[in-house]
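# What the coordinates show
Here is how the chains run, residue by residue.
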Amino acid sequence: MAYTLKRQIDQAIVNFNKLLEIDPRKAEAYFHRGAAYGMKNQYDQVIADCTKALEMDPQKMVKTYGGEAYAIRGLAYLRKGQYDRAIADYTTFLQTNPRAKAIAYLDRGKAYAGKREFDKAWDDVHQAQNLGAKVDPKFLQELRQASGREN
């Protein structure tokens, strides 16, 4: 974790790999390694590790980590253009985390926009803004043009 916090991602991944060699039942090690892979834009690895963590200990992933594995995996799906899966993960994250983060609404809104479900996209963008997110003006302009709406 210290290497991750210091942005020494490759070393963090090496250490998570060692930990998993010692104890392959550590769901949190898969979760943290998945998050580290996310920092390297290695989305297939993110999906694999977060899925493994969620399968191994779903309660711990929600109770201890606030469902972040869903949000991290959701972002990987979003970046891969797998919008239905991204929406499902962000929806689960938002349902399991009482302190929902604005970025989850924004990213789910981007997934809805990718599916051309513009009313839902706008709803999530507005929710994100209400929670204090600063939305990229370029994305807003693209959403306006694609949806034919001003807001």
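Notes on the structure in this doc start here. The model shown is predicted, which means the values in this text are computed figures rather than measured ones.

Thresholds, definitions, all that
- Residues numbered from 1 in each chain as written.
- Predicted model: local features only at pLDDT ≥ 70, side-chain atom pairs only at ≥ 80, totals over all residues.
- Heavy atoms only, no water.
- Helix = DSSP H or I, 4+ residues; strand = E, 2+ residues; numbered from the N terminus.
- Rg over C-alpha atoms; globule rule 2.2 N^0.38 Å.
- Buried < 20%, exposed > 50% of the residue type's maximum accessible area, 1.4 Å probe, protein only.
- Contact = heavy atoms within 4.5 Å.
- Areas by Shrake-Rupley, 256 points an atom, 1.4 Å probe, with all protein chains shown as cover.
- Expected span 1.5 Å × (residues − 1).
- Arc of directions from axis to C-beta.

## Observations concerning the overall build of the protein
Looking only at helices and strands, the protein has 10 helices and zero strands in total. Shown N-terminal to C-terminal, the secondary structure of the protein runs as helices and strands in the order α-α-α-α-α-α-α-α-α-α. For 151 residues, the compact-globule estimate of 2.2 N^0.38 gives 15 Å, and the protein sits close to it at 16 Å. Its C-alpha atoms give the protein principal-axis dimensions of roughly 55 × 30 × 25 Å. Buried positions account for 44% of the 151 residues belonging to the protein. Long-range contacts, defined as pairs at least 24 residues apart, comprise 47% of the intrachain contacts of the protein with a sequence gap of at least 6. As displayed, the protein has an accessible area near 8500 Å², and 47% of this comes from carbon and sulfur atoms.

## What to know about helix H9 (residues 118–130)
Between its first and last C-alpha atoms H9 spans 18 Å; for 13 residues at 1.5 Å apiece the expected length is 18 Å, and the two agree. Taken residue by residue, H9 has Phe-118, Ala-121, Trp-122, Asp-124, Val-125 and Ala-128 as its buried positions. One side of H9 holds all its buried residues, which, seen down the axis, span an arc of 165°. Across H9 from its buried face, at more than 90 degrees, point the exposed residues Asp-119, Asp-123 and Asn-130. If you follow the buried residues of H9, they end up packed against helix H8 (102–114) and helix H10 (137–147). One or two residues past the end of H9 sits Gly-132, with phi positive at roughly 100°.

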